[in-house]
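# Structural characterization, general
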Amino acid sequence: MAVKDRIHMPEQPAEVRKTNFSEVALGYTPELAQQEASRCLQCKIPTCISGCPVGIDIPGFIKEIANGNFESSYKILKSYNYLPAICGRVCPQEVQCEGLCILNKIGRSINIGALERFVADWADENNIEYENENTKFQFNISKAKDKKVAIIGSGPAGLTVASELGRYGFTVDIYEALHEFGGVLTYGIPEFRLPKSIVKKEIAALEKLDVRFFKNIPVGYAISVKEILESYDAVFIGVGAGTPKFMGIPGSELNGVYSANEFLTRINLMRAYKFPEYDTPIRIGKKVAVIGGGNTAMDAARSALRLGADVTIIYRRTEAEMPARKAEIEHAKEEGVKFYTLATPVKYIGDENGNLVAIECIRMELGAPDESGRRRPVEIPNSNFILEMDTVIEAIGTEANKFLLSQFPDLKTNKYGYIITDEYGQTSNPKVFAGGDIVTGSATVILAMGAGKKAAQGIMKFLSENR
Ligand SMILES: Cc1cc2nc3c(=O)[nH]c(=O)nc-3n(C[C@H](O)[C@H](O)[C@H](O)COP(=O)(O)OP(=O)(O)OC[C@H]3O[C@@H](n4cnc5c(N)ncnc54)[C@H](O)[C@@H]3O)c2cc1C
Ligand code: SF4
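Now for a description of the structure that goes with this document. Remember, it's a predicted structure, so these values are computed and weren't measured experimentally.

Across its full length, the protein chain carries 17 helices and 16 strands. For the protein chain, restricting intrachain contacts to residue pairs at least 6 apart in sequence, the fraction spanning at least 24 positions comes to 69%. Looking at the protein chain as shown, the accessible area adds up to about 21100 Å², and 52% of this sits on carbon and sulfur atoms. Measuring between centres, the 55 positive side-chain charges of the protein chain sit 3 Å from its 58 negative side-chain charges.

What follows is about the site of ligand 2. Taken together, 13 residues surround ligand 2, and among them C52, C91, Q96, C97 and E116 come closest. For the shell around ligand 2, the residue count by class is nine nonpolar, three polar and one charged.

Bringing unusual backbone geometry into the picture now. F275 connects to P276 through a cis peptide bond whose omega is 5 degrees. Tracing the backbone shows P276 in the loop between α12 (260-269) and β7 (287-291). The phi dihedral of N382 is positive, around 60 degrees, even though this residue is not glycine. Secondary-structure assignment places N382 in the loop between β12 (375-379) and β13 (385-388).

Now for helix α5 (residues 70-80). Every buried residue of α5 is listed here: F70, S73, Y74, L77 and K78. An end-on view of α5 places all buried positions within 125 degrees of arc, on one side of the element.

With parallel pairing, five strands are arranged side by side in an open sheet as β3-β2-β1-β4-β16. The open sheet is flanked by β3 (212-214) and β16 (432-434), the only strands paired with a single partner. Mean inter-strand twist for the sheet, computed between neighbouring axes without regard to direction, equals 20 degrees. Where strand β4 (residues 234-237) lies against β16, three bridges are found, and the strand directions are parallel. The residue bridging V235 from the neighbouring strand is V432, located in β16. Of the strands in this sheet, β1 (148-152), β4 and β16 touch helix α17 (residues 445-465), which is tilted by about 165 degrees from β4.

Moving on, we get to the pairing of β1. Summarising burial for β1: four of the five residues are buried, a large majority. Crossover connection from β1 via helix α8 (residues 156-166) to parallel strand β2 (residues 171-175): handedness right-handed. Across four bridges, the pairing between β1 and β4 is parallel. Note that in β4 the partner of A150 across the bridge is V235.

A few words now on the packing of aromatic side chains. Each aromatic ring pair is summarised here by two numbers: the centre-to-centre distance and the angle between the ring planes. Counted according to the given criterion, the structure contains eleven aromatic pairs. Ring centres 4.0 Å apart and planes at 15 degrees place the aromatic pair F21 and Y273 in the stacked group. Taken together, the residues F21 in the loop between α1 (14-17) and α2 (30-37) and Y273 in the loop between α12 and β7 connect sequence positions 252 residues apart. The exposure class assigned to Y273 is partly exposed, which follows from its relative accessible area of 21%. Pairing Y340 with F385 gives two aromatic rings, centres 5.3 Å apart and planes at 20 degrees, and the pair type is stacked. Of the two residues, Y340 sits in strand β9 (residues 338-341) while F385 sits in strand β13, which places them 45 residues apart along the sequence. Pairwise contacts between aromatic rings join F21, F192 and Y273 into one cluster. Cation over ring: R363 sits above F385, and NZ or CZ is 4.3 Å from the ring centre.

Once that is clear, we can look at helix α10 (residues 196-207). With twelve residues, α10 extends 17 Å between its outermost C-alpha atoms, agreeing within 8% with the 16 Å of an ideal straight helix rising 1.5 Å per residue. Regarding α10, the residues found buried are K196, I198, V199, E202, I203 and L206. The buried residues of α10 occupy an angular sector of 165 degrees when the element is viewed end-on, so they sit on one face. Elements that come into contact with the buried residues of α10 comprise α5, α6 (84-90), α7 (112-125), α8, α9 (184-187) and β3.

Below, the discussion takes up the side chain of E36. Residue position: E36 is located in helix α2. Using a relative accessible area of 0% as the deciding quantity, one classes E36 as buried. The contact partners of E36, leaving out residues within four places of it in the chain, are R6, I7, Y28, S109, I110, N111 and L115.

Let's shift gears to the pairing of strand β11 (residues 356-369). Judged from the seven bridges that link them, strand β10 (residues 343-350) and β11 form a sheet pairing that is antiparallel. When the sheet's bridge partners are listed, Y348 is paired in β11 with I359. In sequence, β10 turns back onto β11 through a hairpin of five residues, with G354 there showing a positive phi of about 80 degrees. As paired elements, β11 and β13 share four bridges and run antiparallel to each other. Among the inter-strand pairings, C361 is bridged to a residue of β13, identified as F385. Inspection of the sheet shows β11 paired to β12 by four bridges, in the antiparallel sense. If you follow L366 over to β12, its bridge partner there is P377.

Looking at ligand 1, there are 35 residues lining it, with V90, E176, R193, V219 and D437 nearest. Take E176: an N or O atom from its side chain is 2.6 Å from an oxygen atom of ligand 1. Interatomic distance of 2.9 Å between a backbone N/O atom of V445 and an oxygen atom of ligand 1. Out of a free accessible area of 1000 Å², ligand 1 has 92% covered by protein chains. When residues of the shell around ligand 1 are traced back to their parent elements, those giving at least two are α8, α13 (295-306) and α17. The residue inventory of the shell around ligand 1, partitioned by class, reads 19 nonpolar, eleven polar and five charged. Shared between two domains, the shell around ligand 1 takes at least three residues from each, and those domains are domain 2 (141-242 + 400-465) and domain 3 (245-397).

The rules we used
- Residues numbered from 1 in each chain as written.
- Chains lettered and ligands numbered in written order.
- Predicted model: local features only at pLDDT ≥ 70, side-chain atom pairs only at ≥ 80, totals over all residues.
- Heavy atoms only, no water.
- Helix = DSSP H or I, 4+ residues; strand = E, 2+ residues; numbered from the N terminus.
- Contact = heavy atoms within 4.5 Å.
- Areas by Shrake-Rupley, 256 points an atom, 1.4 Å probe, with all protein chains shown as cover.
- Lys, Arg positive; Asp, Glu negative; His and termini not counted.
- Charge placed at Lys NZ, Arg CZ, Asp CG, Glu CD.
- Near = heavy atom within 4 Å.
- Nonpolar A, V, L, I, M, F, W, Y, C, P; charged D, E, K, R; others polar.
- Buried < 20%, exposed > 50% of the residue type's maximum accessible area, 1.4 Å probe, protein only.
- Arc of directions from axis to C-beta.
- Pairing = 2+ DSSP bridges.
- Axes fitted to C-alpha atoms, helices over the stretch in contact; angles between N-to-C directions.
- Right-handed = clockwise from strand over helix to strand, strands pointing away.
- Phe/Tyr/Trp six-rings, centres within 6.5 Å; stacked < 30°, edge-to-face > 60°.
- Lys NZ or Arg CZ within 6 Å of the ring centre and 35° of its normal.
- Expected span 1.5 Å × (residues − 1).
- Polar contact = N/O pair within 3.5 Å; in protein donor to acceptor, adjacent residues only side chain to side chain.
- Domains from an automatic or database assignment.

Following this line, the structure appears as structure tokens:
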């Protein structure tokens, strides 16, 4: 039987969306979702599942969509993944579930992310509540309330631990340094990819579980690590890897040089794109360069474009090595972001007022593969050239915040400063667990959630053994 081509998800046209911050992808209608779901071959040994870090029963939830049973589909989905509306939107499906779909061999894989998003949005619109009935780990719940767990950081890792422990009745307090919860989902990923109303709804569902949320509390500053360790039976560290790395080249102090972290925080968390309605400003020039090829670089470039700039991505490898989601690279191109590959900046050039006016770059070529398996970029001697730019946004990666971790006694970290844990997130200090980017380095939302799930099991086991 010939499998029909993948059903395209409706989107805002590029010419329209590049002038607004509203969501680009508009989602399937029930009819389109059923058509796409009916392409699934319902493989006896479904390879897609092994590509999903939380092992969702993908053919199971898709079959229910194909049959029009959206509520049953939602229940299957939610029993594996607490944040499906988010993962359906931001997972890099092409290297996870969809990358392993057998239909790739004869055409395009099932649009698993879009179907996941459809079901989650449908359930929200129809006020479907989810009650978790099953648990793999049996804990004496009558005692759960007596056990107090502190979670540091409200990104996807911390939120997942909170949801897992909260639903079994533990006393859970979640501390967040910023004035809004959600971690990168709130301050990093822009509205046009992940509407903040969705993040807020997913978090509101947690509040019903008796999880207590404390904002504006950077642990290690506003409350000491000692106090946390003394007041709680177990602690989960989910603080991400949000400290930006910098190029550190001459001219970095010039006006107009941003870290992507600052740029995106102003836009997403502080709504600077709505200045003066919101009071945080953002200064952006006419010609903007974004350095990097990951999701952060694409988000910064597309945000700058929406503020009216002419935007060029500068990346030291080729497009094939870019770590960003393929859909975002395609969207960026459709919207008019230019790509300058095999080049890197060596110097920022300013005028007499200390404002950036140009970037000196050097051309690169690809050498032998490095430890990541990607071919290493190597400078071509004497190939320097100048690009006129008045703003540059560096999106070359992030690292661990070492200040907080150094305050935890007996906490072992690896040579990059990330926490070492066992498979259940337990660290070298038995009552301290960790997961997400602070363990793996910058990774993905679903991996942070998977780590949160495992750590919640580890914490329950630890607390049951330490009654
Ligand atoms: C711009 C950008 C775009 C991305 N796009 C994607 C994407 O499309 N798909 C995808 O899968 N992944 C994407 N990622 C990666 C993904 O967002 C992260 O892997 C994920 O958010 C990690 O989750 P986490 O819970 O470990 O940490 P985070 O989301 O970083 O959350 C950590 C939280 O801890 C808080 N915190 C830090 N220190 C303290 C302290 N001392 N006390 C209290 N709170 C503290 C922080 O304020 C933050 O809220 C993107 C990342 C960025 C930056
Ligand atoms: S959670 Fe992510 S990887 Fe898993 S099925 Fe959904 S979109 Fe795919």
